[in-house]
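# What the coordinates show
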Protein chains: 2
Amino acid sequence: MRIFVVVGHKATTQPNFSLEDIPGTSGRLDILCRSVTAAFVLSHGIRKDVLVYLVLLGGEPPKTIRLAGETLRHLNPDDRTTAALLKKALAVDATPEWSMSTSGIFVRTGDLSGVLEDLRERSVRLIYLKEDGKDYRCLRDEPLEREMAFVLGDHTGMTVEEEALLASAGAEPIALGPTSLHADHCIVVTNWLLDTSAI
Amino acid sequence: MRIFVVVGHKATTQPNFSLEDIPGTSGRLDILCRSVTAAFVLSHGIRKDVLVYLVLLGGEPPKTIRLAGETLRHLNPDDRTTAALLKKALAVDATPEWSMSTSGIFVRTGDLSGVLEDLRERSVRLIYLKEDGKDYRCLRDEPLEREMAFVLGDHTGMTVEEEALLASAGAEPIALGPTSLHADHCIVVTNWLLDTSAI
């Protein structure tokens, strides 16, 4: 299983944003929509072996949406369709337990610490994708026996508190290259590297 | 300069599509919009050294839109903003000569053969990104002295006639890996490979 975690620091936790202006009304939920597309969408299908956590911090309480490739339905590659699916998830009355919104999409209250707790239970190898991390080629040095989880920030990066949380969870800071890319483009490259066994 | 050419076989040549349903009303212009984002958008800026040709074949006469990173303005990473820019370009009264729509965006009538003629004049190295092409690593064997142009199809691939045209223009069929990816994701990977000097 490949796991991607994207933190949206201003991403709305409410469904009352406009599909006609997603970037301007949702706290840049568009970044998370494109990350979902990058994680799952193939030319003719959906990656079944992918799990995505979206951490939405633009409301109180914060919420987390989980998307599971195995059962995910109704996903198209455009921003708007994904935003409409997330809107449905945000309309669910979220509790600290997962509630299903549509097939393969689940929501609960909670932030990054909750996601890291889930990942700890799965014993994943935790990678924090960060511009000034170690060169990604260092990942080749170890056999990939464990599931891998990649944590990414949105356009604002990660806070000091989140970085401390990631460090205490044992996350390895890894950089994908010399150019600063959007979160969704980092996910495309990571998927491709894993597909081609380049890491 | 990095050049990307994307052929949209059903992509509308008229501006009367709906920004509320881009995939359903524009002949999948959304694929071309995401290709534009993939080609140009960095985390904090626009790639100046990129040129994109969009070949729109879903109308008569066909049209080609050219986007030049050096002067490109108003580009945001969401589908809708890009579609709005293309809509403006399609509202221009196109002729066989380039007309500017907005800063860095030009339009003319013509199809893939016209683009290949332009590229021939620039003496670019022409790569046709194709699932069953040669492994991309073969590009490492030659020094990259020339500009490179990468030609991609949309969700329907290329026609036999287009493949013949590409072959006679000397295009090398190259595959990026074992997984069939969307055009925009291929562009993300190609940009990343060039950024990291992996090709």
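To be clear, the structure that these remarks concern was listed above.
A few points on the structure.

## Focus on the overall build of chain A
Regarding its fold elements, chain A presents six helices and 10 strands. The C-alpha atoms of chain A give a radius of gyration of 16 Å, which matches the 16 Å a tight globule of 199 residues would have. Dimensions of chain A along its principal axes, counting C-alpha atoms only, are 45 × 40 × 30 Å. Considering chain A as a whole, with its 199 residues, one finds that 56% of them fall into the buried category. Expressed as a percentage of contacts within chain A between residues at least 6 apart in sequence, the contacts between residues at least 24 apart total 68%.

## Here we look at the relation of the copies chain A and chain B
Its rotation angle being 180 degrees, the transformation that places chain A on chain B also includes 0.0 Å of axial translation and leaves an RMSD of 0.0 Å. On the angle and the small slide along the axis, the relation comes out as a two-fold axis. For chain A, the minimum C-alpha distance to the rotation axis belongs to Val 189 of chain A and amounts to 2.9 Å.

## Some remarks on helix H4 (residues 112-122) of chain B
Residues and elements named next belong to chain B. Residues Leu 112, Val 115, Leu 116, Asp 118 and Leu 119 constitute the buried set of H4. Taken down its axis, H4 places every buried residue within 155 degrees of arc, on the same side. Residues Arg 120 and Glu 121 are exposed on H4 and point more than 90 degrees away from its buried face. With its phi angle positive at about 55 degrees, Ser 123 sits one or two positions after the end of H4.

## Some words on the interface of chain A and chain B
How large an interface is tends to be reported as the accessible area lost when its parts come together. Counting from both sides, the interface comprises 32 residues of chain A and, opposite them, 32 residues of chain B. Remark: the boundary between chain A and chain B carries zero salt bridges. Counting the contacts that link chain A with chain B gives 12 residue pairs in polar contact (both at pLDDT 80 or more). Of all elements in the fold, only helix H2 (29-40), strand E2 (41-42), helix H3 (79-91) and helix H6 (183-195) of chain A reach the threshold of two or more residues within the side of chain A that touches chain B. Sorting elements by how many residues they give to the side of chain A that touches chain B places H6 of chain A first, with six residues. In terms of residue class, the side of chain A that touches chain B is built from 13 nonpolar, 10 polar and nine charged.

## Describing the pattern of salt bridges
Per the counting criterion, the structure on display carries 30 salt bridges over all chains. Of the charged contacts, one joins Arg 2 of chain A and Asp 195 of chain A as a salt bridge, the two residues approaching to 2.8 Å between their closest N and O atoms. With Arg 2 of chain A in strand E1 (residues 2-12) and Asp 195 of chain A in helix H6, the pair connects residues that are 193 residues apart, well separated along the chain. Each of the two residues, Arg 2 of chain A as well as Asp 195 of chain A, counts as buried. A salt bridge links Asp 49 of chain B to Arg 2 of chain B, with the shortest nitrogen-to-oxygen separation between them at 4.0 Å. Taken together, the residues span a long stretch of sequence, with Asp 49 of chain B in the loop between strand E3 (45-46) and strand E4 (50-58) and Arg 2 of chain B in strand E1 (residues 2-12) at a distance of 47 residues. Taking relative accessible area as the criterion, Arg 2 of chain B reaches 12% and is therefore assigned buried.

## Looking at the sheet that holds strand E8 (residues 125-135) of chain A
Residue and element names in this part refer to chain A. Spatial ordering of the open sheet is given by E6-E7-E5-E4-E1-E9-E8-E10, a layout of eight strands whose pairing is mixed. In the strand order of this sheet, the two ends are held by strand E6 (99-100) and strand E10 (172-175), each with one partner. Sheet topology places E6 next to strand E7 (residues 105-109); two bridges connect them, and they run antiparallel. The partner of Met 100 across the bridge, within E7, is Phe 106. This element, H6, spans E1, strand E4 (50-58), E8 and strand E9 (148-153) of the sheet and lies at about 180 degrees to E1.

Cut-off values and rules
Residues numbered from 1 in each chain as written. Chains lettered and ligands numbered in written order. Predicted model: local features only at pLDDT ≥ 70, side-chain atom pairs only at ≥ 80, totals over all residues. Heavy atoms only, no water. Helix = DSSP H or I, 4+ residues; strand = E, 2+ residues; numbered from the N terminus. Rg over C-alpha atoms; globule rule 2.2 N^0.38 Å. Buried < 20%, exposed > 50% of the residue type's maximum accessible area, 1.4 Å probe, protein only. Contact = heavy atoms within 4.5 Å. Least-squares fit on C-alpha atoms with pLDDT ≥ 70 in both. Arc of directions from axis to C-beta. Salt bridge = Lys/Arg side-chain N within 4 Å of Asp/Glu carboxyl O. Polar contact = N/O pair within 3.5 Å; in protein donor to acceptor, adjacent residues only side chain to side chain. Nonpolar A, V, L, I, M, F, W, Y, C, P; charged D, E, K, R; others polar. Pairing = 2+ DSSP bridges. Axes fitted to C-alpha atoms, helices over the stretch in contact; angles between N-to-C directions.

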